[in-house]
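# Chain and residue survey
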Amino acid sequence: MDDRTRWDARYREGAYSQRPWPSDFLQQNIRVVANNNQQSPGRALDLACGAGRNSIFLAEQGFTTQGIDISAAAIARGAAYATKVGTKVGWVCQGLLAQGGVEVAQAAPVAEKTLLLSQDPIRNFGQYQLIILFRFVAPGLLTTLMDHLLPGGHLMVEEHLRHDLGEEIVGPRSPAFRVAPGALLAEVAASTQPYEVIEDFAGAITEPSGGKAAITRLWVQRLSE
Ligand SMILES: C[S@@+](CC[C@H](N)C(=O)[O-])C[C@H]1O[C@@H](n2cnc3c(N)ncnc32)[C@H](O)[C@@H]1O
């Protein structure tokens, strides 16, 4: 089954309908990111946006926001909610991985997974003040994303972490849907763009639902040349 079919089915069955709140990481830091720009907050891009919990939040904060996801069912849910709350998001139904995507990635070691990424899945999208990628593993994508940041722009990433913290940790069981400690920063460091690390975290957090998750977060700012 391909990614689109699988995720459409999951969203139609109600996946994430009990998680409408935006990410804590994003909410806690949004003022810094938005105020960094002297005038309006500017353009924001939410990759693998799902049903748009973070896209809608960014639009509400004044960002001109685009959300991309492979699942039309997720986007339909996000679009309906955005309309309900009177917010505008530009929705794009598009995959971020080359053909095969996660299905192949699950069986492949990390070095091979890198080959699955499309060369630049957002090559015509231009540059952004803020790009977020939350809870979708796309090996190699962060290096490319650095070219899509405006000077002074921010990249915020949050992924499930590979861990040895025991069975009580919530989230995906397959390591293909988790990243190793340090992996996010290694991808950014492969970029030719100058950057500053604002936050680099790996550890356990308590989810708003009460579950304990192993998470890694990276927040970097692209510097001027
Ligand atoms: C765990 S959800 C995270 C959604 C959202 N980022 C959030 O934090 O609520 C993963 C998302 O990745 C999307 N996805 C799966 N495969 C994809 C692909 N190949 N390209 C783009 N999006 C994909 C799914 O449809 C799903 O919405």
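Preceding this paragraph is the structure being described.
In this report, the structure presented in the accompanying data block is examined. (Residues numbered from 1 in each chain as written. Predicted model: local features only at pLDDT ≥ 70, side-chain atom pairs only at ≥ 80, totals over all residues. Heavy atoms only, no water.)

## Side note on the overall build of the chain
Of the regular secondary structure elements, the chain holds eight helices and eight strands. Across the 225 residues that make up the chain, the buried fraction comes to 48%. If you take every contact in the chain between residues at least 6 apart in sequence, the share linking residues at least 24 apart comes to 65%. (Helix = DSSP H or I, 4+ residues; strand = E, 2+ residues; numbered from the N terminus. Buried < 20%, exposed > 50% of the residue type's maximum accessible area, 1.4 Å probe, protein only. Contact = heavy atoms within 4.5 Å.)

## Let's talk about the site of the ligand
Y11, A48, R53, D69 and F134 are the nearest of the 20 residues found near the ligand. The side chain of Y11 places a nitrogen or oxygen atom 2.5 Å from an oxygen atom of the ligand. I70 places a main-chain nitrogen or oxygen 3.4 Å from a nitrogen atom of the ligand. Protein chains shield 96% of the accessible area of the ligand, which is 590 Å² for the free molecule. Mapped onto the shell around the ligand, the elements with two or more residues apiece are α1 (3-12) and α3 (53-60). In terms of residue count, the dominant contributor to the shell around the ligand is α1 (three residues). Of the residues that constitute the shell around the ligand, the class distribution is 10 nonpolar, five polar and five charged. (Near = heavy atom within 4 Å. Polar contact = N/O pair within 3.5 Å; in protein donor to acceptor, adjacent residues only side chain to side chain. Areas by Shrake-Rupley, 256 points an atom, 1.4 Å probe, with all protein chains shown as cover. Nonpolar A, V, L, I, M, F, W, Y, C, P; charged D, E, K, R; others polar.)

## What to know about α3
Burial within α3 is extensive, with seven of its eight residues counted as buried. If you check which residues of α3 are buried, you get R53, N54, S55, I56, F57, L58 and A59. At the C-terminal side of α3, G62 shows a positive phi close to 105°.

## Things to note about the packing of aromatic side chains
Tallied over the full model, the rule gives four aromatic pairs. Ring centres 5.9 Å apart and planes at 55° place the aromatic pair Y11 and Y16 in the tilted group. Owing to a relative accessible area of 7%, Y11 belongs among the buried residues under this scheme. Exposure remark for Y16: the relative accessible area of 33% places this residue in the partly exposed category. Here the aromatic rings of F25 and F134 are separated by 6.0 Å at their centres, their planes lie at 25°, and the arrangement is stacked. With F25 in helix α2 (residues 24-35) and F134 in strand β4 (residues 128-134), this pair connects stretches of sequence that are 109 residues apart. Here F134 falls in the buried class, since its relative accessible area comes to 6%. An aromatic cluster is built from W7, Y11 and Y16, whose rings are joined through pairwise contacts. Between the NZ or CZ atom of R10 and the centre of the ring of W7, over which it lies, the distance is 4.5 Å. (Phe/Tyr/Trp six-rings, centres within 6.5 Å; stacked < 30°, edge-to-face > 60°. Lys NZ or Arg CZ within 6 Å of the ring centre and 35° of its normal.)

Geometric values such as these leave the question of function open.
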